[in-house]
Structure formats: C-alpha cells, structure tokens
Amino acid sequence: YKSNLEANLWIIGDGELKNNLQLIIDNLKLNDEVKLLGRQKNPYKFLSIADCFVFSSNHEGFPNVLLEALACGLPVISTDCSSGPREILAPNTNFLDKTQDIELTEYGILTSIGDINKMSRAMKMIYENKNLRNQYMKKAKNRAKDYKLDTIIGQWEDVINERN
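The rules we used
Residues numbered from 1 in each chain as written. Predicted model: local features only at pLDDT ≥ 70, side-chain atom pairs only at ≥ 80, totals over all residues. Heavy atoms only, no water. Phe/Tyr/Trp six-rings, centres within 6.5 Å; stacked < 30°, edge-to-face > 60°. Lys NZ or Arg CZ within 6 Å of the ring centre and 35° of its normal. Helix = DSSP H or I, 4+ residues; strand = E, 2+ residues; numbered from the N terminus. Buried < 20%, exposed > 50% of the residue type's maximum accessible area, 1.4 Å probe, protein only. Contact = heavy atoms within 4.5 Å. Polar contact = N/O pair within 3.5 Å; in protein donor to acceptor, adjacent residues only side chain to side chain. Salt bridge = Lys/Arg side-chain N within 4 Å of Asp/Glu carboxyl O. Core = buried A, V, L, I, M, F, W, Y, C linked by side-chain atoms within 4.5 Å. pLDDT = per-residue confidence, 0-100.

A.B. asks: For this particular structure, what's the right way to read the packing of aromatic side chains?
C.D. replies: Centre-to-centre distance and the angle between the planes together describe a pair of aromatic rings. Applying the stated criterion across every chain yields a total of 3 aromatic pairs. With 6.5 Å between their ring centres and 20° between their planes, Phe53 and Phe55 make a pair best called stacked. One residue, Lys139, lies across the ring of Tyr107, its end atom 5.8 Å from the ring centre.

A.B. asks: In this structure, what is going on with the environment of Thr79? I would like to understand it.
C.D. replies: Within the secondary structure layout, Thr79 lies in strand β4 (residues 76-79). For Thr79, a relative accessible area of 3% puts it in the buried group. Considering only alpha carbons, one finds Thr79 and Leu28, 51 residues apart in sequence, at a separation of 24 Å. Here Thr79 is in contact with Phe55, Ser56, Ser57, Pro85, Leu110, Thr111, Ser112, Ile113 and Met119, once residues within four sequence places are set aside. Within the local environment of Thr79, its side chain forms a polar contact with the backbone oxygen of Ser57, the two atoms lying 2.5 Å apart.

A.B. asks: I keep staring at the pattern of salt bridges and nothing clicks. Help me out?
C.D. replies: Side chains carrying opposite charge are able to pair once their charged atoms draw close together. Enumeration according to the criterion identifies 8 salt bridges in this entry. Two residues, Arg143 and Asp146, come together in a salt bridge whose shortest N-O distance is 2.8 Å. Each of Asp80, Arg86, Lys98 and Glu103 takes part in one network of salt bridges that share partners.

A.B. asks: Would you mind showing me how to read the nonpolar core here?
C.D. replies: Grouped together as the largest cluster of nonpolar side chains are 16 residues, with contacts concentrated most on Phe53, Leu66, Leu70, Val76, Ile88 and Leu89. The set of elements that each furnish at least two residues to this core consists of β3 (53-55), α3 (64-71), α4 (85-89) and α6 (130-145). In terms of residue count, α3 provides more of this core than any other element does, 4 residues in total. One finds Ile77, Ile109, Ala122 and Tyr136 within the second-largest nonpolar core, a separate group that totals 8 residues.

A.B. asks: Would you take a moment to explain the confidence of the model for the chain for this structure?
C.D. replies: Close inspection of predicted coordinates is inappropriate in any region flagged by low pLDDT. Model confidence for the chain is summarised by a mean pLDDT of 91, while 98% of its residues fall at 70 or above. Taking the mean pLDDT of every element in the chain, the minimum, 82, falls on helix α7 (residues 149-163) and the maximum, 98, on β4.

A.B. asks: What am I meant to see in unusual backbone geometry here?
C.D. replies: We note that Lys29 has phi near 55°; this positive angle belongs to a residue other than glycine. Inspection of the secondary structure puts Lys29 in the loop between α1 (18-27) and β2 (34-38). In this structure, Ser83 is a non-glycine residue whose phi angle is positive, near 70°. Relative to the helices and strands, Ser83 is located in the loop between β4 and α4.

Pasting the structure below:
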C-alpha cells in the first residue's frame, strides 16, 4: 500500500516478520521511505526527531512504548487493541469499547485493528492538521507524567488504605 503522504516510516524492533516486511518494502520500491531499524538500545534518538508515533498492534499487554512516545511529546495514533491503548489515550471511556472507525480521543487517535485505510486516514489527519497535531503534542508529556512511579505508588497506597 503506497500512501500519498510525503513521509518516512521508521520501524524499530525485530520480529519474526522482519524478512517478509523487507520483501514487501523491496517489491513496492519503498526503501527510501521505509527503514527497518532493528532493535535499538536508545529508541529515544529516533522518537526525539519524529513527528508522530504510530502503534499498530493487534494485541498488547501494557504498551510501554506508547508512554515513551508521549513522554517525548509525540502525537500518537494507535490501534484500539485490547489492554493498553484505550486506557492510556482515552482514560474516561469504557475500556471494553472498541472503535470501528477513527476515534479522536483526549490524548491520541484510536483506529480499528487491521484496517489499513483507517490507519492511513488517521496518519493523514495528523500530517495535514497542524492544530490537531499541536493539540496532541501539548497534552502528550502531561499524560505520560500520570504514569510516573511516585504517582502510581500513591494510587496503590490509596487503594490499599481504602481496603483497610
């Protein structure tokens, strides 16, 4: 799938689909636009110069990488997979809900799982809408602070004290 966005895609990490992905990149002649960076000891050097973070998991545990992207002040686009993205990006919604389209949430954009067209539309929205991009950039770092260790410990202490 070739987008009409003048953007580069950097994929950080390794996995079992890396060779297949490289074949697709080669076949579509996207080697100048898409880079497989492999596992990185310091992903922040890439996040710090990125314009947006796109997370396309089908399922997750707790996606620390979303918090890392937010801590770098990046607008985030994520699939609405179970366990994590909705809780981080749309904390005031029902976590059992799953979007069927593109959902502009409080801290980022959620798209339905496995829908390339919706993910592409969301990326185009961030790319073309400077106000939306800036809105999410302003909120990103503050949202990441909600997950700082001292904040989380305080919340656990509150829960424990309520039960005693």
